[in-house]
Amino acid sequence: MAEEKKKGFTFPTAYTILFILIIIVVIATWIVPAGQYDRNEEGEPIPGSYHSVEANPQRIIADGLLAPINGMYGLEGEDGSVSVYNAGELYGAIDVALFVLVIGGFLAITMATGAIDAGIGKITTALKGKEKWMIAILMTVFAVGGTTYGMAEETLAFYGLIVAVMIAAGYDAVVGVATVMLGAGIGTLASTVNPFATGVASAFAGISVADGLVSRLIILVVGLIIGIIFVSRYAEKVRKDPSKSLVYDKKEENEQHFLKSGGAEAMPEFTGRRKLVLGLFALAFLVMIFGVIPWNDLGIPFPQLDWWFGEFAAIFLGFAILIGFVGKIGGEAKISETFIAGARDMLGVALIIGVARGVSVIMNNGLIVDTVLSWAETALSDVGGVVFVNFTHLLYLPLGFLIPSSSGLATVTMPIMSPLADFAGVDRSLVVTAFQSASGLLNLVNPTFAVVMGGLALGRVGYHKWLRFTWPLMLILFILYAVVLSIGVF
């Protein structure tokens, strides 16, 4: 007998939400008055210079379907309208999307060497019997992955191992899940050079990835320390009194499930070759950071390279090839196959960036972007920078739920939010930090985020119990980045 299909509401995908937004914005071009600001030499809107212009309403079929395509290329319409306009430059999303595909190939080749798995397995084995230290060290390792490349789906391979080790040490499944999910999650919340969050947002805000790096490092270090203390205190409480565990009702069941299998034996051996691969992996990000830092502006006598996404893609393409040969994953055919498979996994992210950019295309061609900015300028004229940045990160919490893709969310919102920062006298990098902090905080518990639900399922921790465990930490992290953003205004 065929299974009866479950009926009920299913939350739409990010693609569906973005296409709905395109339709809504097309309709808005027929209703919202058209207008423009005068702009300075840098292409930034001049406060108080808004004026009405002739309307250019868009069409749902013709313009709506072309919007994601124009968003990729940054094309100019037949009537001379600008498809994508930001910081005085015409550009599309193709450079960012291509970079995302290259990063996918780079990560796939690195993972294929087994270096990351072997490194974490080595740490787990070396600290057996010293699990209290393991919580701190592993959370730091996962946080580094989160802050550099947005480590998320990659963590799913480690839940069985880490939860088994923590249960064997006298802790519970919550400790194991928290070590992985909160470690990587806090790293992503405080993304320093994460190409899928910081990189995309910075690109569409018209600033360098290095802008705001200090604030993000503060959030990363302080947030990680808070997270480690939070998880360690709970772990010690459970070790002393197992009945304090949030999953005490599943204690025997979890012990039988995890301890009969999980172990570091399943991890690859941490050889010298894999150590070298990890070194090259880290070096790729360091080279990227060096290339974007404005050394001359800082008064440091280093060569200023002013690299952007074309150069970023070239860096990671080169390191992907190098790691493939050094890691001996196979011949050139295997390296190519692995790279293409990794790029294929990122195709969805690249397409989301294009579709999301289509929203900006419609708003720009419909000449309503500056109208929205004018309304916001009026509303924000009497508020200070502190109020603005706190309003911004509060706004991103519900937006992050609607559009769980950080790349898509950044692409849709940065063309509006970054000029608003100019009106409020706030550095654009603070808007980027507010976006990724709020988005990262939400994704610690977001039920529409597959990594959360997948990790909880692998760790056998109920979603309601995870909420009960994490809400105090989320409140503390919320206050932390709100304070850092507020101080950053000055």
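Presented here is an overview of the structure given in this document. Given the structure is predicted, the values throughout are model-derived calculations rather than measurements. (Residues numbered from 1 in each chain as written. Predicted model: local features only at pLDDT ≥ 70, side-chain atom pairs only at ≥ 80, totals over all residues. Heavy atoms only, no water.)

**A closer look at the packing of helix H17 (residues 406–423) against helix H18 (residues 428–442)**
Consideration 1: Closest axis-to-axis distance for the H17/H18 pair is 9 Å, and the angle between their directions is 145 degrees. As for how H17 packs across H18, the hand of that crossing is right-handed. Contact residues: Ser406, Leu409, Ala410, Met414, Met417, Ser418, Pro419, Ala421 and Asp422 in H17; Arg428, Val431, Val432, Phe435 and Ser439 in H18.
Consideration 2: Counted by class, the contact of H17 with H18 contains nine nonpolar, three polar and two charged residues. (Axes fitted to C-alpha atoms, helices over the stretch in contact; angles between N-to-C directions. Helix = DSSP H or I, 4+ residues; strand = E, 2+ residues; numbered from the N terminus. Left-handed = near helix turned anticlockwise from the far one by under 90°. Contact = heavy atoms within 4.5 Å. Nonpolar A, V, L, I, M, F, W, Y, C, P; charged D, E, K, R; others polar.)

**Section: the environment of Ala457**
Consideration 1: Summarising the element assignment, Ala457 is placed in helix H19 (residues 450–459).
Consideration 2: The class of Ala457 is exposed, set by a relative accessible area of 55%.
Consideration 3: Residues Ala457 and Tyr159 lie 298 residues apart in sequence; the distance between their C-alpha atoms is 9.6 Å. (Buried < 20%, exposed > 50% of the residue type's maximum accessible area, 1.4 Å probe, protein only.)

**Structural notes on H19**
Consideration 1: Every buried residue of H19 is listed here: Val451, Val452, Gly455, Leu456 and Gly459. Here the buried residues of H19 occupy an arc of 125 degrees about the axis, which is enough to place them on one side. Of the exposed residues in H19, those oriented more than 90 degrees away from the buried face are Ala450 and Ala457.
Consideration 2: The secondary structure elements touched by the buried residues of H19 are helix H6 (159–168), helix H7 (173–189), helix H10 (251–259) and helix H20 (463–488). (Arc of directions from axis to C-beta.)

**Re unusual backbone geometry**
A negative phi angle characterises most non-glycine residues, just as the trans form characterises most peptide bonds.
Consideration 1: Its identity is not glycine, yet Lys328 carries a phi of approximately 50 degrees, on the positive side.
Consideration 2: With respect to the element layout, Lys328 can be found in the loop between helix H12 (309–326) and helix H13 (332–345).
Consideration 3: Positioned with a positive phi, Leu367 is a non-glycine residue whose angle comes to about 60 degrees.
Consideration 4: Among the secondary structure elements, Leu367 is positioned in the loop between helix H14 (347–365) and helix H15 (369–380).

**Here we look at the pattern of salt bridges**
Consideration 1: What the rule picks out here adds up to seven salt bridges.
Consideration 2: Between Arg239 and Glu236 there is a salt bridge whose closest N-O contact spans 2.4 Å. A residue pair is termed a helical-turn pair when its members lie 3 or 4 positions apart in one helix, as Arg239 and Glu236 do in helix H9 (residues 213–240) at three residues.
Consideration 3: Residue classification places Arg239 among the partly exposed positions, given a relative accessible area of 41%.
Consideration 4: Take Glu236: its relative accessible area is 19%, and that puts it in the buried class.
Consideration 5: We note a salt bridge from Asp422 to Arg428, for which the minimum N-O separation is 2.6 Å. (Salt bridge = Lys/Arg side-chain N within 4 Å of Asp/Glu carboxyl O.)

**Things to note about the nonpolar core**
Consideration 1: In terms of nonpolar packing, the biggest core is built from 154 residues, with Phe106, Trp466 and Phe469 touching the most fellow members.
Consideration 2: Residues contacting Phe106, with those up to four places away along its chain left out, are Phe281, Ala284, Phe285, Phe316, Phe319, Ala320, Ile323 and Phe339. (Core = buried A, V, L, I, M, F, W, Y, C linked by side-chain atoms within 4.5 Å.)

**Structural notes on a positive patch on the surface**
Consideration 1: On the surface, Arg233, Lys237, Lys244 and Arg468 cluster together into a positively charged patch.
Consideration 2: Residue Lys244 is classed as partly exposed on the basis of its relative accessible area of 46%. (Patch = residues over 30% accessible without salt bridge, like charges linked within 9 Å, V, L, I, M, F, W, Y side chains within 5 Å. Areas by Shrake-Rupley, 256 points an atom, 1.4 Å probe, with all protein chains shown as cover. Lys, Arg positive; Asp, Glu negative; His and termini not counted. Charge placed at Lys NZ, Arg CZ, Asp CG, Glu CD.)

**Quick look at the packing of helix H5 (residues 131–149) against H6**
Consideration 1: Remark: H5 packs on H6, axes separated minimally by 10 Å, with the N-to-C direction vectors making an angle of 155 degrees. Judged on the interaxial angle alone, H6 and H5 are roughly antiparallel. Relative to H6, the crossing made by H5 is left-handed. Seen from H5, the contacting residues are Glu131, Met134, Ile135 and Leu138; seen from H6, they are Ile162, Val165 and Met166.
Consideration 2: When grouped by side-chain class, the residues that make up the contact of H5 with H6 number six nonpolar, no polar and one charged. (Parallel < 35°, antiparallel > 145°, perpendicular 65-115°, else oblique.)

Fair warning: the whole summary comes from geometry, so function is off the table for now.
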